[in-house]
Number of protein chains: 2
Amino acid sequence: MRISDLGEFGLIELVRQWTQSAEPETGLALQAQFRIAVPNGDDAAAITFPDGPITELYTTDTMVDGVHFTAATTPWRDLGWKAIASNISDVAAMGGDPAVALITLGLPPETLVSDIQELYLGMMDICGEFGAQIIGGDMVRSPVAFVTVALTGIATGTPIVRTAAEPGHLVAVTGPVGGSAGGLRQLIDGCANSSDSVLVLQHRRPYPHVAAGKTLVAAGVSSAMDVSDGLADDLGKLCSASGVGATIFAHRVPALPALRSAFPGNWLDLALYGGEDYVLLFTAPGDIMELALLALPEGAAVVGEITDGDKGVVTILDESGASVPPAGAGWDHFAD
Amino acid sequence: MRISDLGEFGLIELVRQWTQSAEPETGLALQAQFRIAVPNGDDAAAITFPDGPITELYTTDTMVDGVHFTAATTPWRDLGWKAIASNISDVAAMGGDPAVALITLGLPPETLVSDIQELYLGMMDICGEFGAQIIGGDMVRSPVAFVTVALTGIATGTPIVRTAAEPGHLVAVTGPVGGSAGGLRQLIDGCANSSDSVLVLQHRRPYPHVAAGKTLVAAGVSSAMDVSDGLADDLGKLCSASGVGATIFAHRVPALPALRSAFPGNWLDLALYGGEDYVLLFTAPGDIMELALLALPEGAAVVGEITDGDKGVVTILDESGASVPPAGAGWDHFAD
């Protein structure tokens, strides 16, 4: 069987089984020095130390030329920003701050040094913004350019996981969605003046919701993840991880006015199925949700509810309560 | 300028300058929670925590299909072992134990699931051997297969760095070198029965010198690195980092009898310039060296000395004291 037959998430599930079935035979003295508090499968893994108040969060994310970006839609400096932003967003989704990063670059030999400098400038832009530090990495020759970031974050509260959603919880996002997908669409269609469009800015310089993540911890929210593959798709993953279903009320999904006006006919599809929003998706009982929304900046909104429906199934309803047929699907790396 | 004009190590030096010039503007409260004890540029970066006895070691290493391995010379299961071995070796060179790993796979959609299972079996083999745990990762579509491992290790002593070699130190290795390069040569030449050759085993299943690394810490050795790009080349890097020169006494370089017998005419070239040995190279004053060699397993040997010669220049002398002309060069990723 080829991995394209299985799909990205089928393969990820297999890998979880392969790697969880084995316990280390040696090194137990070492293992006693830390505990895996959140295993593989969440936005980030989390480890804790016996006598310390700190939880460490580990995540990694990769962008491949021609798959996740192209020179036409993503200048090198923005690529640097985005490569780190997606990792910071994973840490934000657990309620943590980014701390230290390792950068791996796969590069064709003909790559321009000035482009790599731009890439690092973009990475330093976002590291400076969020107090993260690049402490190492690797550079290798590759026929296709790729950027892999491995990021370690620090949380002082209990990390928020994607496995704790329960029927009756409300579902909310920490900000508007669909902007990045709208910006990408404008770039591909060649109809945007890139220096003017707020949607293109959302696509090229997504701003991870680190402060919002900590607000969620403080409010007592126990279930969250970041929106990287599209709201509907990511909510489905959160529901699968929690063993629940969900309903999205389409008319309550927040979107930027610029998205609604640029895409009057299909802004909702972009908001539901577009990726790379890097807002946080979270669930909570009504009282905690109320607290959280009071503390979050404008733009956060309840978009649905958790149900005891089929595990991982997300139903989308319009204002009249009629089911909206899915117009797209989330990102599957190995789909044809 | 293209990166192939600059070379891998010229580019690495530029990246160090770009990333060291900026201090994070925010997040200072976070920075106060840890300190970067060993910055970018060593085998691994090291961070320490104010109240903890533990030093964390961070490293990452990548293997790209057609660049670092081919299906012909490296079966998937061995690729899994090697991808993690090179990272464990970096941690060993600092005197630490491996702890947790993130695995990133770039894969063409036509990749067989059974090959990926083999890859993970190889990774679990070595993780079980050294008490490491895979806690997360990322899988992405890519036209060329690659494996990136980001490994965090733990050290309880002071990490050994490559910047502390001093004139008058002796130079030693913790085991024989050249075996992996000999095995690769046999595989390429098609002259090895792969199940018989100890050299092929050295190439496919290199065993990182974790125990030796801790022995070096206990003996008080302050300068070390692992041999991944070839003994002569890596000693040059250690000398550059320490601002010193070195001499290698060619007749003292340890090599397996199998290497000497299979390559009677050029075993020394393979030992000096072959890569992927994953033994440790270290320097120490005579009294500490004596202690270290008593505590290390058989195979460790003094191979040279540190001099106040030109920074980073390694001179190789034969038994008569005559200079041996360089027959090869270390690995440069971006060289033509």
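Residues numbered from 1 in each chain as written. Chains lettered and ligands numbered in written order. Predicted model: local features only at pLDDT ≥ 70, side-chain atom pairs only at ≥ 80, totals over all residues. Heavy atoms only, no water.

**Student:** Help me understand the packing of helix α8 (residues 210-219) of chain B against helix α12 (residues 286-295) of chain B, please; the structure alone is not making it clear to me.
**Tutor:** Each pair of packed helices gets described by two things: the angle between the helix axes and the distance between those axes. Residue and element names in this part refer to chain B. Two elements in contact, α8 and α12, have axes whose closest approach is 9 Å; the angle formed by their N-to-C orientations is 145°. Two packed elements cross with a definite hand, and for α8 against α12 that hand is right-handed. Where α8 approaches α12, its residues Thr215, Leu216 and Ala219 are matched on the opposing element by Ile288, Leu291, Ala292 and Ala295. The residue inventory of the contact of α8 with α12, partitioned by class, reads six nonpolar, one polar and no charged. (Axes fitted to C-alpha atoms, helices over the stretch in contact; angles between N-to-C directions. Helix = DSSP H or I, 4+ residues; strand = E, 2+ residues; numbered from the N terminus. Left-handed = near helix turned anticlockwise from the far one by under 90°. Contact = heavy atoms within 4.5 Å. Nonpolar A, V, L, I, M, F, W, Y, C, P; charged D, E, K, R; others polar.)

**Student:** Help me understand the sheet that holds strand β12 (residues 314-317) of chain A, please; the structure alone is not making it clear to me.
**Tutor:** Sheets are built from strands paired through backbone hydrogen bonds, the pairs being either parallel or antiparallel. Residue and element names in this part refer to chain A. Spatial strand order, β8-β10-β7-β11-β9-β12: six strands in an open sheet with mixed pairing. Two strands bound the open sheet, and with one partner strand each, they are β8 (223-226) and β12. Here the strands of the sheet are splayed against their neighbours by 25° on average, with no regard to which way each runs. Bridging between strand β7 (residues 170-173) and strand β10 (residues 280-284) involves four bridges; their strand directions are antiparallel. Residue pairing for β10: Ala172 is matched across the bridge by Phe282. (Pairing = 2+ DSSP bridges.)

**Student:** Hey, could you run me through the interface of chain B and chain A in this one?
**Tutor:** Note: interface size is frequently given as the accessible area lost on complex formation between the parts. Counting residues at the interface gives 79 residues for chain B, matched by 79 residues for chain A. Of the roughly 6,800 Å² buried at the junction of chain B and chain A (both faces included), carbon and sulfur atoms supply 69%. Together, Trp18(B), Met139(B) and Arg141(B) form the three largest contributors to the area buried by chain B at its contact with chain A, with a combined 10%. Our count for the contact surface shared by chain B and chain A stands at 15 residue pairs in polar contact (both at pLDDT 80 or more). If you list the elements that add at least two residues to the side of chain B that touches chain A, you get α1 (3-6), α2 (8-20), α3 (28-31), β3 (55-64), β4 (97-107), α5 (113-130), β5 (133-141) and β6 (146-155) of chain B. It is β5(B) that contributes the most residues to the side of chain B that touches chain A, nine residues altogether. (Buried area = accessible area lost by both parts, 1.4 Å probe. Polar contact = N/O pair within 3.5 Å; in protein donor to acceptor, adjacent residues only side chain to side chain.)

**Student:** How should the relation of the copies chain B and chain A be read in this particular structure?
**Tutor:** One copy of the chain maps onto the other through a rotation about an axis plus a displacement along that axis. Overlaying chain B with chain A gives an RMSD of 0.0 Å, the required rotation being 180° about an axis along which the chain moves by 0.0 Å. Classification of the inter-copy transformation places it as that of a two-fold axis. When the interface residues of chain B are mapped onto chain A, 100% of them again lie at the interface, so the same face is used by both copies. (Least-squares fit on C-alpha atoms with pLDDT ≥ 70 in both.)

**Student:** Mind showing me how you'd approach empty space enclosed by the protein here?
**Tutor:** Leftover empty space is mapped by rolling, across the atoms, a probe with the size of a water molecule. A complete count under the given rule lists two cavities of 30 Å³ or more for this structure. In this structure, the largest cavity spans a volume of roughly 80 Å³. When contributions to the lining of the largest cavity are tallied by element, the ones reaching two or more residues are β4 (97-107) and β6 (146-155) of chain A together with β4 and β6 of chain B. Taken together, the residues that form the lining of the largest cavity break down as 10 nonpolar, two polar and no charged. One number sums up the size of the second largest cavity: a volume of about 30 Å³. Forming the walls of the second largest cavity are Phe69(B), Trp76(B), Leu79(B), Gly106(B), Leu107(B), Leu119(B), Ala145(B), Phe146(B) and Val147(B). Counting residues per element, the ones that place at least two in the lining of the second largest cavity are α4 (76-93), β4 and β6 of chain B. (1 Å grid on protein atoms, 1.4 Å probe; cavity = no way out; pocket = protein on both sides within 12 Å on 5 of 7 lines; lining within 4 Å. Points joined across faces, edges and corners; volume = space filled by probe spheres on them.)

**Student:** What is the right way to read helix α2 (residues 8-20) of chain A from this model?
**Tutor:** Helical periodicity: at 3.6 residues per turn, an α-helix aligns residues three or four positions apart in one direction. Over its 13 residues, α2(A) extends 18 Å from the first C-alpha to the last, a length consistent with the 18 Å expected when each residue adds 1.5 Å. Turning to α2(A), its buried residues number three or more, namely Glu8(A), Leu11(A), Val15(A), Trp18(A) and Thr19(A). Taken around the axis of α2(A), the buried residues stretch over an arc of 85°, which confines them to a single face. Summarising the contacts, the buried residues of α2(A) are in contact with α1 (3-6) of chain A together with β4, α5 and β5 of chain B. (Expected span 1.5 Å × (residues − 1). Buried < 20%, exposed > 50% of the residue type's maximum accessible area, 1.4 Å probe, protein only. Arc of directions from axis to C-beta.)

**Student:** Looking at this structure, how should I read the side chain of Ser142(B)?
**Tutor:** Relative to the assigned elements, Ser142(B) resides in the loop between β5 and β6. In terms of polar contacts, Ser142(B) uses its side chain to reach the backbone carbonyl oxygen of Val144(B), at 2.6 Å. Not counting chain neighbours up to four residues away, the residues in contact with Ser142(B) comprise Val64(A), Val144(A), Gly106(B), Leu107(B) and Pro108(B).

**Student:** Help me out: how do you make sense of the packing of aromatic side chains in this one?
**Tutor:** Given two aromatic rings, their pairing is described by the distance between the two centres and the angle made by the two planes. Per the stated rule, a full pass over the model turns up nine aromatic pairs over all chains. Consider the rings of Trp18(A) and Tyr120(B), whose centres lie 5.9 Å apart with planes at 45°: the pair is tilted. With one member in each of two chains, Trp18(A) in helix α2 and Tyr120(B) in helix α5 form a pair that bridges those chains. Per residue, the accessibility class of Trp18(A) equals that of Tyr120(B), and both read buried. Taken together, a centroid distance of 6.4 Å and an interplanar angle of 15° make the contact between Tyr58(A) and Tyr58(B) stacked. With Tyr58(A) in strand β3 (residues 55-64) and Tyr58(B) in strand β3, this residue pair bridges two chains. Grouping residues by exposure puts Tyr58(A) and Tyr58(B) together as buried. Taken together through their ring pairs, the aromatic side chains of Trp81(A), Phe130(A) and Tyr207(A) make up a single cluster. Directly above the ring of Trp267(A) sits Arg260(A), whose terminal nitrogen or CZ lies 4.2 Å from the centroid. (Phe/Tyr/Trp six-rings, centres within 6.5 Å; stacked < 30°, edge-to-face > 60°. Lys NZ or Arg CZ within 6 Å of the ring centre and 35° of its normal.)

**Student:** Looking at this structure, how should I read the packing of α2(A) against α5(B)?
**Tutor:** Axis separation between α2(A) and α5(B) bottoms out at 10 Å; the angle between their running directions is 30°. Judged by the angle between their axes, α2(A) and α5(B) are roughly parallel. Note on packing geometry: the crossing formed by α2(A) with α5(B) is right-handed. Facing α2(A), whose interface residues are Leu11(A), Leu14(A), Val15(A), Trp18(A) and Thr19(A), α5(B) presents Val113(B), Ile116(B), Gln117(B), Tyr120(B) and Met124(B). A per-class count over the contact of α2(A) with α5(B) returns eight nonpolar, two polar and no charged. (Parallel < 35°, antiparallel > 145°, perpendicular 65-115°, else oblique.)

**Student:** Teacher, can you tell me more about unusual backbone geometry here?
**Tutor:** Most of the time, phi is negative for any residue but glycine, and the peptide bond is trans. Residues and elements named next belong to chain A. Backbone geometry places Glu276, a non-glycine residue, at a positive phi of 60°. Along the chain, Glu276 turns up in the loop between α11 (267-273) and β10. The class of Glu276 is buried, set by a relative accessible area of 18%.

**Student:** Hey, could you run me through the environment of Asp196(B) in this one?
**Tutor:** Within the element layout of this structure, Asp196(B) appears in the loop between α6 (179-189) and α7 (198-204). Taking C-alpha positions, Asp196(B) is 25 Å from Ser89(B), a pair spaced 107 residues apart along the chain.

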